[in-house]
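Secondary and tertiary structure notes
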Amino acid sequence: MYDVVLKNGLLNLHGNLIKADLAINGEKIVAIGEELEGVQTINVDGQWVFPGAIDVHTHFSLPFGKAISRDNFYTGSVAAAAGGVTSFIDFTAQEGDEGVIDSLKRRRAEADPDVVIDYSLHACINKLTDKVRKQIPMLRGEGVSSLKIFTAYNKIGRMQNDDNLLELMEMCSKYDILLTVHAENGLVIDLLTDRAVAAKKDGIEALNTTRPIFTEVEAIRRVADFAKFTGCKAHIVHISSGQGAIAFAEAASDGAPISGETCPQYLYLNNSLFKENNGHYYSCCPPIREPGESEILWEILGRNYIDVVATDHCPFNKSDKNMWNGSITTLPMGLPGVETMPELVLNGVHKGYLSLERATQLISENPARIFGMYPEKGSLEIGTDADIMVYDPNRVRAIHQKELHMNNDYSVYEGLEVLGKTTMTLLRGKVIFDEKKGFLGEKGSGRFIRRNEPDESFFG
Ligand code: URP
Ligand code: ZN
Ligand code: ZN
């Protein structure tokens, strides 16, 4: 007799749906088979049983301009659980000159008491100081195997120039740390933005004119070239354009050790939304793009080039966005998404853009492998954490803000019809979300995940 048995589900084993029961003892998956018996039986009746989804790009409580992103580690992780996400990776927030271990300790102190699912942090560097240089070699000992930098946002003190990029890549290569990069050409963007402000053309449509697609394409190619030169494994976050995705795929095929990520907003939204009354509610960096770019992104996703879908979850209320005074220079950038990501990707399976195997890799297996958490996370293998998302593939519904758990007051997908819905989420063997009962987990019961090095096979 097992502790818990999920009965009559279709287990998603690498994209193959197998009718079988899944048994859990304590926190681990211990058996897959027929007619298994448990002290607790959960009948999932023909629903799909996935390894829990993993979002490797969230920004909980991120200050941006005059606002702070509306989800904290508690509300954000509850929303994640409601969507079937069982692990996430957020970022440390360097203050002044402090070293990466110091900011890691501070951010963990903020997250540990609040998280309801398991999590890790990318060590984020705004300023490459001597303390940072000294502490990078200690990161792996703290269970952190990724750094994060920006090649944009100079005016808010977050940009790394090429010399720092090269130095950081050399260090990451030496210590087997994955360098995750927000890749845009920040200096060109700043020049175009200054010109737009001077010409009083800095309304929402300036997001596209000041951040033209070539600024993303150029930065992706540059990061890929630096990665190839230094041997550093680099992960390009939030690829927003079809052309950026093509540049990424070409560089990867040409031997650059890079993995790539896109986000649902770039797959589902385009900049015709900027023409609406409140177009600024859709602001993020890089921006949503011209119609036609999403289709290319879907195609490249389906063809196994981009490796991960994450969210860049950074939600603001309408009132936060409304503080912008008509200028993108004072607009908090970012969109909500941690809760809706698994369903939006799986909707791509129903639409014929992705195979089920591919979608499962994108939302669970690949993030676990690339960020050093596999197979404990991102698999249904015997002996690993029983992190599970149960998904009803037949549910037709439209996304509505009032049904979501994220802590902001609008959804960028309001009214969008999707097929399929997350109905239950288990974290290490415990049901933490049930669509009928709501959230059942406990504040602080999420654990910090000590991560290993990135999986070589993505960077060969
Ligand atoms: O608009 C965005 N993406 N806000 C969050 C910060 C970032 O660049 O990822
Ligand atoms: Zn970014
Ligand atoms: Zn981000």
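About the criteria used
- Residues numbered from 1 in each chain as written.
- Chains lettered and ligands numbered in written order.
- Predicted model: local features only at pLDDT ≥ 70, side-chain atom pairs only at ≥ 80, totals over all residues.
- Heavy atoms only, no water.
- Salt bridge = Lys/Arg side-chain N within 4 Å of Asp/Glu carboxyl O.
- Helix = DSSP H or I, 4+ residues; strand = E, 2+ residues; numbered from the N terminus.
- Buried < 20%, exposed > 50% of the residue type's maximum accessible area, 1.4 Å probe, protein only.
- Pairing = 2+ DSSP bridges.
- Donors = N, O, S within 2.8 Å, 3.2 Å for Na, K, Ca; no water.
- Near = heavy atom within 4 Å.
- Polar contact = N/O pair within 3.5 Å; in protein donor to acceptor, adjacent residues only side chain to side chain.
- Areas by Shrake-Rupley, 256 points an atom, 1.4 Å probe, with all protein chains shown as cover.
- Nonpolar A, V, L, I, M, F, W, Y, C, P; charged D, E, K, R; others polar.
- Contact = heavy atoms within 4.5 Å.
- Axes fitted to C-alpha atoms, helices over the stretch in contact; angles between N-to-C directions.

A word on the pattern of salt bridges. With the rule as written, the count across this model stands at 34 salt bridges. The partner of Asp455 in a salt bridge is Arg369, with the nearest N and O atoms 3.3 Å apart. You can see Asp455 sitting in the segment after β19 (438-439) and its partner Arg369 sitting in helix α13 (residues 356-370), a full 86 residues away along the chain. For Arg369, a relative accessible area of 24% puts it in the partly exposed group. One network of salt bridges, with partners in common, ties together Glu27, Lys28, Asp118, Glu376, Lys377, Asp385, Asp387, Arg428 and Arg447.

Within strand β17 (residues 417-427), nine of the eleven residues are buried, leaving the element largely enclosed by the surrounding structure. Linking β17 to strand β18 (residues 430-434), which pair antiparallel, is a turn of two residues; within it Arg428 sits at a positive phi near 40°.

Note: most peptide bonds trans; most residues except glycine with negative phi. Cis rather than trans, the peptide bond between Cys285 and Pro286 has omega equal to -10°. Mapped onto the secondary structure, Pro286 falls in the loop between α9 (264-268) and α10 (293-302). The linkage connecting Tyr374 with the following residue, Pro375, adopts the cis geometry, with an omega of 0°. Position of Pro375 among the secondary structure elements: in the loop between α13 and β16 (388-398). In this structure, Ser61 takes a positive phi of about 50° despite not being glycine. Structurally, the position occupied by Ser61 is in the loop between β6 (53-55) and β7 (63-64). A positive phi is found at Asp312, a non-glycine position, where the angle reads about 60°. Inspection of the secondary structure assignment puts Asp312 in the loop between β15 (308-309) and α11 (318-321). With a relative accessible area of 8%, Asp312 lands in the buried category.

As a further point, take the coordination of the zinc ion (ligand 2). Every protein donor of the zinc ion (ligand 2) is listed here as His182 (ND1) and His238 (NE2), and their distances to the metal cover 2.1 Å. Between the zinc ion (ligand 2) and the zinc ion (ligand 3), the interatomic distance is 3.5 Å. Highlighted residues: His182 in strand β12 (residues 178-182) and His238 in the loop between β13 (234-236) and α8 (242-253), separated in sequence by 56 residues. His238 carries the same exposure label as His182, and that label is buried.

Surrounding ligand 1, one finds His57, His59, Phe64, Tyr153, His182, His238, Cys284, Cys285, Asp312, Cys314, Met333 and Gly334. His182 places a side-chain nitrogen or oxygen 3.1 Å from an oxygen atom of ligand 1. One of the side-chain nitrogen or oxygen atoms of Asp312 is found 2.6 Å away from a nitrogen atom of ligand 1. About the coverage of ligand 1: the protein hides 100% of its 260 Å² of free accessible area. Its residues assigned to classes, the shell around ligand 1 comprises six nonpolar, five polar and one charged.

The parallel open sheet is built from eight strands, whose spatial order is β6-β9-β10-β11-β12-β13-β14-β15. Unpaired on one side and paired on the other, β6 and β15 mark the two borders of the sheet. Judged from the three bridges that link them, β12 and β13 form a sheet pairing that is parallel. When the sheet's bridge partners are listed, Thr180 is paired in β13 with His235. Sheet contacts for helix α2 (residues 100-111): β9 (85-91), β10 (118-124) and β11 (146-150); angle to β10, the most-contacted strand, approximately 150°. Against the sheet, α8 contacts β13 and β14 (258-262), and its axis sits at roughly 160° relative to β14.

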